[in-house]
Amino acid sequence: MELPRQVHLQTVKRIMRYIKGTTTFDLFYSSSKKIEIVGYSDNDWGGDSDERKSTSDNCFMIEKTVCLWSSKKQSIVALSTCEAEYVAAAASACQSVWLSNIMTQIGFNLDVPIKIYVDNVSGFSSKK
């Protein structure tokens, strides 16, 4: 915001072209007052080559339609892929609480808790 450069203008133009090209796309949500929300969490361990920080990504869906998504650089440097996955899962859990509260406030009943699927075997598996 303080020192915009040409690359920032190019990025804004690219975003505007994308929006212009997708104005006819639709998202369809169920009219039922009872809904089920499912979340997905992922990360890229050490994806930022300068700071070695990971990026947390999550996506929440009502039925089969996306209602919330996020991608944010983690504030810490994770020492393992397992740690990065836990940080991403915690961020997704926070998002799910917020989403649950918003949906309740606007009159929807969440009959079941929001499930969050995480793709990490080392962090969330149980050994038998």
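Before reading on, note that the structure itself is shown above.
Anyway, here's the lowdown on the structure attached to this text. Since this is a predicted model, take the numbers as computed values, not measurements.

The rules behind each value
- Residues numbered from 1 in each chain as written.
- Predicted model: local features only at pLDDT ≥ 70, side-chain atom pairs only at ≥ 80, totals over all residues.
- Heavy atoms only, no water.
- Helix = DSSP H or I, 4+ residues; strand = E, 2+ residues; numbered from the N terminus.
- Buried < 20%, exposed > 50% of the residue type's maximum accessible area, 1.4 Å probe, protein only.
- Contact = heavy atoms within 4.5 Å.
- Areas by Shrake-Rupley, 256 points an atom, 1.4 Å probe, with all protein chains shown as cover.
- Patch = residues over 30% accessible without salt bridge, like charges linked within 9 Å, V, L, I, M, F, W, Y side chains within 5 Å.
- Salt bridge = Lys/Arg side-chain N within 4 Å of Asp/Glu carboxyl O.
- Polar contact = N/O pair within 3.5 Å; in protein donor to acceptor, adjacent residues only side chain to side chain.

## A closer look at the overall build of the protein chain
Helix and strand content of the protein chain: three helices and six strands. Helices and strands in the protein chain line up, N terminus first, as α-β-β-β-β-α-β-β-α. When burial is assessed residue by residue, the protein chain has 26% of its 128 residues classed as buried. The long-range share in the protein chain, meaning contacts at least 24 apart out of those at least 6 apart in sequence, stands at 59%. Entry remark: accessible area of the protein chain is about 9,700 Å², with carbon and sulfur atoms responsible for 58%.

## Description of a nonpolar patch on the surface
A cluster of nonpolar side chains, contributed by V12, I15, M16, Y18 and I19, occupies part of the molecular surface with about 520 Å² of accessible area. With respect to the element layout, I15 can be found in helix α1 (residues 6–21). The exposure class assigned to I15 is partly exposed, which follows from its relative accessible area of 45%.

## Some words on the side chain of S92
Relative to the helices and strands, S92 is located in helix α2 (residues 81–105). Only 3.2 Å separates the side chain of S92 from the side chain of S41, close enough to count as a polar contact. When neighbours within four sequence positions are excluded, S92 is seen to be in contact with S41, D57, N58, F60 and I116.

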